[in-house]
Amino acid sequence: MTQDELKQAVAREAIKYVVDGEIVGVGTGSTANFFIDELAKIKDSIKGAVASSEATAERLRGHGIDVFELNQVARMSVYIDGADEITAQGAMIKGGGGALTREKIVASVAEKFICIADASKLVKTLGKFPLPVEVIPMAQSAVARQLMKLNLGPDCEIELRFKDGKPFITDNGCIILDIIGLKIADPVALEAQINQITGVVSVGLFAKQGANVCLLGAPDGVKTMNF
Ligand SMILES: O=C[C@H](O)[C@H](O)[C@H](O)COP(=O)(O)O
């Protein structure tokens, strides 16, 4: 099976976690897009969705699914989203598409985070994928200096994320510093350390609040991991 077929399989499986008549929290990225396309098939059975990015909101609306602002919603049963990396404990690196902050916010309101991923995302230790840190633009240099002081390891480098030759700007008007070369032994501790740096909006470590379930797409079928 191709990686897209694996993503499609987990997206279909995730539909089982959608609660009739409710508002669904929806993630961002290619796997989440497959989920949105599956959600569209049952759109008459849900009230609508809360999107974790402008791109996701646009795709939802394109399918005729009502999109609610998070401020209009007091609770959600599930938030369904992909990951760049996930461990056997449910800790994740997210933000490869730049949506980490709104993803973390929407996920924090949901009762369950259902991660949908192809098997290539399952790792023993987080860090092979660059760790995104969303930063207020005027704090870029100050935050980079503070990150270097964390002694993140000999192979670590910090890169400003670019897109189409210009600094990537998030939906929140911020920049992203990617930390490459990490081996994250304690994701919860590192998430807390980076969150405390003045100028940091959020970090793409979902460890203190990781996934509750991971639907992992593999050639021999979808595996369900409960955390
Ligand atoms: O910012 C993007 C999100 O964190 C995505 O969930 C993550 O990057 C995984 O994306 P994909 O499903 O395209 O691999």
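Please read these numbers as outputs of a predicted model, since none were measured by experiment.

Caption draft 1: Region of the structure containing the site of the ligand. Ser-30, Thr-31, Asp-84, Gly-95 and Lys-121 are the nearest of the 16 residues found near the ligand. Contact between the ligand and Gly-95: an oxygen atom at 2.7 Å from a main-chain N or O atom of the residue. Measuring from an oxygen atom of the ligand, one finds a side-chain N or O atom of Glu-103 at 2.9 Å. In isolation the ligand exposes 370 Å². Once the protein is present, 91% of that is buried.

Caption draft 2: Just the packing of aromatic side chains, in detail. Within this structure, the stated rule accounts for two aromatic pairs. Note on Tyr-79 and Phe-113: the rings are 5.1 Å apart at their centroids and 80° apart in plane angle, and the pair reads as edge-to-face. With Tyr-79 in strand 3 (residues 76-81) and Phe-113 in strand 6 (residues 110-118), this pair connects stretches of sequence that are 34 residues apart. For Tyr-79, a relative accessible area of 0% corresponds to the buried category. Between the aromatic rings of Phe-113 and Phe-206, the centroid separation amounts to 6.3 Å while the plane-to-plane angle is 85°, which identifies the pairing as edge-to-face. One end of the pair, Phe-113, is in strand 6; the other, Phe-206, is in strand 13 (residues 205-206), with 93 residues separating them in the sequence. Each of the two residues, Phe-113 as well as Phe-206, counts as buried.

Caption draft 3: View of the sheet that holds strand 14 (residues 213-218). Ordered by their spatial adjacency, six strands build an open sheet running 2-1-3-6-14-15, and the pairing between neighbours is mixed. The strands lining the two open edges of the sheet, one partner per strand, are strand 2 (48-51) and strand 15 (221-226). Geometrically, the sheet is characterised by an average inter-axis angle of 25° between neighbouring strands, direction not taken into account. Relative to strand 2, strand 1 (residues 23-26) is paired through four bridges, and the arrangement is parallel. Residue pairing for strand 2: Val-26 is matched across the bridge by Ala-51.

Caption draft 4: Layout of unusual backbone geometry. Although it is not a glycine, Asn-151 adopts a positive phi angle of roughly 50°. When its relative accessible area of 68% is taken as the criterion, Asn-151 is described as exposed.

Caption draft 5: How the structure looks around the nonpolar core. Counting 24 residues, the largest nonpolar core has Val-24, Val-26, Phe-35, Leu-39, Leu-60 and Ile-80 as its most contacted members. With four residues, the single largest contributor to this core is helix 2 (residues 30-39). Ranked by size, the runner-up nonpolar core spans 23 residues in total, among them Val-133, Ile-184, Ile-194 and Val-200.

Caption draft 6: Just the pairing of strand 15, in detail. Where strand 14 meets strand 15, six bridges bridge the pair, whose relative direction is antiparallel. From the neighbouring strand, Leu-216 faces strand 15, where its bridge partner is Lys-223. Taken together, strand 14 and the strand that follows it, strand 15, pair antiparallel across an intervening segment of two residues.

What counts, and at which threshold
- Residues numbered from 1 in each chain as written.
- Predicted model: local features only at pLDDT ≥ 70, side-chain atom pairs only at ≥ 80, totals over all residues.
- Heavy atoms only, no water.
- Near = heavy atom within 4 Å.
- Polar contact = N/O pair within 3.5 Å; in protein donor to acceptor, adjacent residues only side chain to side chain.
- Areas by Shrake-Rupley, 256 points an atom, 1.4 Å probe, with all protein chains shown as cover.
- Phe/Tyr/Trp six-rings, centres within 6.5 Å; stacked < 30°, edge-to-face > 60°.
- Helix = DSSP H or I, 4+ residues; strand = E, 2+ residues; numbered from the N terminus.
- Buried < 20%, exposed > 50% of the residue type's maximum accessible area, 1.4 Å probe, protein only.
- Pairing = 2+ DSSP bridges.
- Axes fitted to C-alpha atoms, helices over the stretch in contact; angles between N-to-C directions.
- Core = buried A, V, L, I, M, F, W, Y, C linked by side-chain atoms within 4.5 Å.

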